[in-house]
Amino acid sequence: MIRLEDVTLFVRAAALGSFSNAAREADLLPGQVSAAVHRLERDLDKRLFARSTRSLRLTAEGEKYLPFAQELLAVVQAGEESLHSGNDELQGELKVAMPSDIGRNVLLPLITRFCDQHPKITLRLSLSDQVSDVFRDPIDVAIRYGVLDNSSYVALPLAENNRRVLAASPAYFEKHGRPTSLDEVTQHHCLLFTMNSHVYDKWSFPENGTRRQLTVKSRLLCDDADVARRWAVEGMGIVYKSWIDISADVQAGRLEMLLPEHPGEAAPLNLICPHRKQFSPAIRQLHSTLREHLTAIVDLLPC
């Protein structure tokens, strides 16, 4: 009979690309993961992995079996959650990935308060500007900016009307002057950050039904968008970021919007998950809590 724990370790080994990584995640020895996969292969009478001393990859049979294994685990989780559906107290583990800036400065206080209100919730939080793979990484949901380009996952909108804006500190404008056009922006100090190891140095703006793109340069570059925002507050240059990220700074006068007559590109925020069945009651309640707060922030966005 197939063991559920063997299926779980197979799915994680496939996602992480090695028995050692799957073992480390599960606090097991690599040999225990190898033995579990071997049992599963014996029960299925199929070879699921092609192994070598340097690599581990799925066979054609493994590729075919993987989505069924993932669905099996999702159904088991849904069944467990259904047993608690009559219980008003939210519980269970939440593994959430989110971008660094909005994660630290906007969402963290909300999520902390949510966990305080629901003491049976266990949280595993990942903050990074590296885009998480919701199918391979050990997370339940990811909070992600951008227009969705993958219909294979499920998304719940958090702030669909959010967009990027140009901003800098009053001290920067006093020292370097205020650009009066998009063309002039490229002549100023611009603050850049990387996303998935790619420098975000092309700033797009909708214009007359097309897209206007500025290529900007900077002597300051970081791999954390929160640092770019902090540099802007310190007067080091112009930043092009989500309104949600800089709204509090604008409201407090630490930053001023630049060229509001040129609205920036759309930056909708969504909560995404590989399967609808993984939207547990806790995740749905968290989504509702975050959406209410974020909608109020986007409502402050100058037209």
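What counts as what
Residues numbered from 1 in each chain as written. Predicted model: local features only at pLDDT ≥ 70, side-chain atom pairs only at ≥ 80, totals over all residues. Heavy atoms only, no water. Phe/Tyr/Trp six-rings, centres within 6.5 Å; stacked < 30°, edge-to-face > 60°. Buried < 20%, exposed > 50% of the residue type's maximum accessible area, 1.4 Å probe, protein only. Lys NZ or Arg CZ within 6 Å of the ring centre and 35° of its normal. Axes fitted to C-alpha atoms, helices over the stretch in contact; angles between N-to-C directions. Helix = DSSP H or I, 4+ residues; strand = E, 2+ residues; numbered from the N terminus. Left-handed = near helix turned anticlockwise from the far one by under 90°. Contact = heavy atoms within 4.5 Å. Nonpolar A, V, L, I, M, F, W, Y, C, P; charged D, E, K, R; others polar. UniProt positions renumbered as here; feature names shortened; annotations may be inferred. Core = buried A, V, L, I, M, F, W, Y, C linked by side-chain atoms within 4.5 Å. Domains from an automatic or database assignment. Parallel < 35°, antiparallel > 145°, perpendicular 65-115°, else oblique. Pairing = 2+ DSSP bridges. Arc of directions from axis to C-beta. Polar contact = N/O pair within 3.5 Å; in protein donor to acceptor, adjacent residues only side chain to side chain.

### Remarks on the packing of aromatic side chains
A complete count under the given rule lists 7 aromatic pairs for this structure. Aromatic side chains Phe193 and Tyr200 sit 5.8 Å apart centroid to centroid with 35 degrees between the ring planes, which places their arrangement in the tilted category. For Tyr200, a relative accessible area of 11% puts it in the buried group. Cluster of aromatic residues (ring-pair linked, three or more members): Phe10, Phe19, Phe49 and Tyr65. The lysine or arginine in question, Arg178, covers the ring of Phe173, its NZ or CZ lying 4.0 Å from the ring centre.

### Some remarks on the packing of helix 9 (residues 243–252) against helix 10 (residues 281–298)
Contact geometry of helix 9 with helix 10 gives a least axis separation of 10 Å together with a crossing angle of 65 degrees. Both helix 9 and helix 10 take part in a crossing whose hand is left-handed. Here Trp243, Ile244 and Ser247 of helix 9 come into contact with helix 10, specifically with Leu294, Ile297 and Val298. When the residues that make up the contact of helix 9 with helix 10 are grouped by side-chain class, the tally is 5 nonpolar, 1 polar and no charged.

### Quick notes on the UniProt feature "domain: HTH lysR-type" (unreviewed entry) in the protein chain
Taken from the UniProt record, the annotation "domain: HTH lysR-type" (unreviewed entry) applies to residues 2–59. A distance of 19 Å separates the end C-alpha atoms of residues 2–59, which is 62% helix and 10% strand.

### A short note on the environment of Val106
With respect to the helices, strands and loops of the structure, Val106 is situated in helix 5 (residues 100–117). Taking the C-alpha atoms as reference points, Val106 and His293, separated by 187 residues in sequence, lie 9.4 Å from one another. Ignoring any residue separated from it by four or fewer positions in sequence, one finds Val106 in contact with Asp101, Ile244, His293, Leu294 and Ile297.

### Overview of the nonpolar core
Of all hydrophobic cores here, the largest spans 62 residues; its most connected members are Leu107, Leu166, Trp203, Ile244 and Leu294. When residues of this core are assigned to domains, at least three fall in each of domain 2 (92–161 + 268–299) and domain 3 (163–266). Leu166 has contacts with Leu182, Val185, Trp203, Phe205, Ile238, Val239, Tyr240, Glu256, Met257, Leu258 and Leu259, leaving out every residue within four places of it along the chain. Formed by 20 residues, the second largest nonpolar core is a distinct cluster that contains Ala13, Ala14, Phe19 and Leu66.

### Side note on the packing of helix 1 (residues 4–16) against helix 2 (residues 19–26)
Look at helix 1 against helix 2: their axes get within 8 Å of each other, and the N-to-C directions meet at 120 degrees. It follows that helix 1 is oblique to helix 2 by the angle criterion. Remark: the crossing between helix 1 and helix 2 carries right-handed chirality. Seen from helix 1, the contacting residues are Leu9, Arg12, Ala13 and Leu16; seen from helix 2, they are Phe19, Asn21, Ala22, Glu25 and Ala26. For the contact of helix 1 with helix 2, a count of residues per class yields 6 nonpolar, 1 polar and 2 charged.

### Topic: the pairing of strand 8 (residues 192–195)
Pairing of strand 8 with strand 12 (residues 221–222), which is carried by 2 bridges, proceeds in the parallel orientation. In the sheet register, Phe193 faces strand 12, and the bridge partner there is Cys222. Hairpin connection of strand 8 to strand 9 (residues 198–199): 2 residues between the antiparallel strands, including Asn196 at a positive phi of 55 degrees.

### Digging into unusual backbone geometry
Backbone geometry follows two general trends: most residues other than glycine have a negative phi, and most peptide bonds adopt the trans configuration. Even without a glycine there, the phi angle at Asp27 is positive, about 60 degrees. Phi at Leu259 takes a positive value of approximately 50 degrees, unusual for a residue other than glycine. By the secondary structure assignment, Leu259 is in the loop between strand 14 (256–258) and strand 15 (269–273).

### Points about the sheet that holds strand 4 (residues 121–127)
Judged by pairing direction, the sheet is mixed, and its 5 strands sit side by side in the order 4-3-5-15-6 without closing on themselves. The open sheet is flanked by strand 4 and strand 6 (154–159), the only strands paired with a single partner. Between one strand and the next, the sheet's axes are offset by a mean angle of 25 degrees, whatever the strand orientation. Examined bridge by bridge, strand 6 and strand 15 share 5 bridges and lie antiparallel to one another. What sits directly across from Pro157, in strand 15, is Asn270. The strands that helix 10 touches are strand 3 (92–98), strand 4, strand 5 (141–145), strand 6 and strand 15; relative to strand 6, the one it contacts most, it runs at about 35 degrees.

### Description of the sheet that holds strand 12
What the 3 strands build is an open sheet, ordered 9-8-12; its pairing is mixed. Only two strands of the sheet have a single neighbouring strand rather than two, namely strand 9 and strand 12. Of the strand pairs in this sheet, strand 8 and strand 9 are connected by 2 bridges, and their pairing is antiparallel. Within strand 9, the position partnered with Thr194 by the bridge is Val199.

### Things to note about helix 2
Listed as buried for helix 2 are Phe19, Ala22 and Ala23. Buried residues in helix 2, looked at end-on, bunch into an arc of 100 degrees, giving them a common side. Packed against the buried residues of helix 2 are helix 1, helix 3 (30–44), strand 1 (49–51) and strand 2 (56–58). Regarding helix 2, its N-cap is Ser18, as a side-chain oxygen of that residue lies 2.9 Å from the backbone nitrogen of Asn21 further along. Just downstream of helix 2, Asp27 is the residue with a positive phi angle, here 60 degrees.

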